[in-house]
Amino acid sequence: MFRIAIASLFGLSACSVFAANAVAIVPEAIVKDIDDGYGSRALAQLRPLLQQSPHDRDVQYRYGSALLAAGKFDDAQKAMKAALESDPNAPELHRVLGEAYGAAAIKASIFGMAGLAKSSLAEFQTAVKLNPNDPDSRVDLASYYIQAPGIVGGSLDKAHEEEAVLDKLSPLQALQIRASEAENEKDFPAAVKLLRQAIEIDKKTDSLVQLGMMQLHTEHASDALTTFKSLTARSDAPASSWYYLARSVALTHAAPAEGIAALKVYIALPERPDQAPKLAWAHLRLGELYAQNNQKDLAAGELDAARKQPVADDSNFDSALKKAQALLK
């Protein structure tokens, strides 16, 4: 479930591999939107295609992937179950259904988590059985084995079996998943070493993103700052890079100016991925940096803007806003 976790934290889609046996009628622009985490935008364009070709496997696959990218986990489950009724042996549909179960499990109560987790595992296992050469299904299955407790099927030995297969199918993803395992085992030097190797062969930003988020979560904010500077220097930098650059600045207590500039870029973007940090959080963090820079009028304005932005189902926001307001006193 590593890819799902990164998607949730960074606003990226967990579903990015083309359905090998599907007839491609979904335009590449829509596929790119899904891959980049703009699920809601993709859904608006996919719905007419779904009406025109309700049983087309590629359309169904992309529709479920877009729902997942948009954070509509229950809807993604329903869509994939419906699609599987007409094509029960489509491995990519099983994989997306497994990812939808896994994403829902992360947010579920302790009472519902086990059932969703076991369903996720069953779908990943089915996807691998139906298409043993799909590296993304192998990554999902290995991630599950690494992160899930033994009571619901977690197993490092089984994860290592998947990693050995990935060495041949996708050396890059093998490095990334081994880094995820090392992080899960709190062997951060090993995780960093593996990700450095991955970055050398990664033509995209995925490995840099994984490194930066790990550094933030393990309280290596100075290292995270360096990583997110590298990301924002790239022309293909994901939108959330700017937000997490600012978070790294704040956590290192560095000069606020760079973080302020990064958040201004993030807030000014015409659109952000569905699961990227919300504007309310961006305004709040900008207010904190202004307060840190002793620009209290500007800080008050940003905190007021934060208060006016919608924040759905985020129990941490109110307490964070109160702490930020205390900085103005």
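Bear in mind that the values here come from a model prediction, so they are computed numbers and not experimental data.

(A) Looking closely at the overall build of the protein chain. The helix and strand tally for the protein chain stands at 18 helices and 0 strands. For a compact globule of 329 residues, the expected C-alpha radius of gyration is about 20 Å, and the protein chain comes in at 20 Å, within 12% of that figure. On the principal axes, the C-alpha backbone points of the protein chain span a range of 60 × 45 × 40 Å. Counting the 329 residues in the protein chain, one finds 52% classified as buried. Put simply, of all contacts in the protein chain between residues at least 6 apart along the chain, 58% involve residues at least 24 apart. When the accessible surface of the protein chain is split by element, carbon and sulfur atoms take 53% of a total near 15200 Å². Taking the average place of the 35 positive charges on the side chains of the protein chain and the average place of its 41 negative ones, the gap between the two points comes to 4 Å.

(B) Inspection of the nonpolar core at higher detail. Grouped together as the largest cluster of nonpolar side chains are 34 residues, with contacts concentrated most on Phe228, Tyr243, Tyr244, Leu263, Leu284, Leu289 and Phe317. For this core, the leading source of residues is helix H16 (residues 279–292), giving 8 residues. Ignoring anything within four residues of it in the chain, the contact list for Phe317 reads Ala280, Trp281, Leu284, Ala306 and Val311.

(C) Spatial organisation of the packing of helix H10 (residues 171–184) against helix H12 (residues 206–217). Relative to each other, H10 and H12 sit at 5 degrees, their axes nearing to 11 Å. Judged on the interaxial angle alone, H12 and H10 are roughly parallel. Counting all contacts with H10, which are made through Leu172, Gln176, Ala179, Ser180 and Glu183, the residues of H12 involved are Asp206, Ser207, Gln210 and Met214.

(D) Geometry of the environment of Phe188. Among the structural elements, Phe188 can be located in helix H11 (residues 188–201). Judged by relative accessible area, Phe188 falls into the partly exposed class, the value being 24%. Residues Phe188 and Thr218, spaced 30 residues apart in sequence, show a C-alpha to C-alpha distance of 8.3 Å. The contacts of Phe188, once residues within four sequence positions are left out, are Glu183, Met214 and Thr218.

(E) Region of interest: helix H4 (residues 57–69). End to end, H4 covers 18 Å across 13 residues, agreeing with the expected 18 Å (1.5 Å per residue, within 8%). Most of H4 is tucked away, with 13 of its 13 residues classed as buried. The backbone nitrogen of Asp58 lies 3.0 Å from a side-chain oxygen of the residue at the head of H4, namely Asp56. Among the residues trailing H4, Gly71 stands out with phi positive, at a value near 80 degrees.

(F) Representation of the packing of helix H3 (residues 39–52) against H4. The interhelical angle for the contact between H3 and H4, taken along N-to-C directions, is 150 degrees, at an axis separation of 9 Å. Judged by the inter-axis angle, H3 sits roughly antiparallel to H4. Here H3 and H4 pass one another in a crossing that is left-handed. Where H3 approaches H4, its residues Gly39, Ala42, Leu43, Leu46, Arg47, Leu49 and Leu50 are matched on the opposing element by Val59, Arg62, Tyr63, Ala66, Leu67 and Ala69. Counted by class, the contact of H3 with H4 contains 10 nonpolar, 1 polar and 2 charged residues.

About the cut-offs
- Residues numbered from 1 in each chain as written.
- Predicted model: local features only at pLDDT ≥ 70, side-chain atom pairs only at ≥ 80, totals over all residues.
- Heavy atoms only, no water.
- Helix = DSSP H or I, 4+ residues; strand = E, 2+ residues; numbered from the N terminus.
- Rg over C-alpha atoms; globule rule 2.2 N^0.38 Å.
- Buried < 20%, exposed > 50% of the residue type's maximum accessible area, 1.4 Å probe, protein only.
- Contact = heavy atoms within 4.5 Å.
- Areas by Shrake-Rupley, 256 points an atom, 1.4 Å probe, with all protein chains shown as cover.
- Lys, Arg positive; Asp, Glu negative; His and termini not counted.
- Charge placed at Lys NZ, Arg CZ, Asp CG, Glu CD.
- Core = buried A, V, L, I, M, F, W, Y, C linked by side-chain atoms within 4.5 Å.
- Axes fitted to C-alpha atoms, helices over the stretch in contact; angles between N-to-C directions.
- Parallel < 35°, antiparallel > 145°, perpendicular 65-115°, else oblique.
- Expected span 1.5 Å × (residues − 1).
- Polar contact = N/O pair within 3.5 Å; in protein donor to acceptor, adjacent residues only side chain to side chain.
- Left-handed = near helix turned anticlockwise from the far one by under 90°.
- Nonpolar A, V, L, I, M, F, W, Y, C, P; charged D, E, K, R; others polar.

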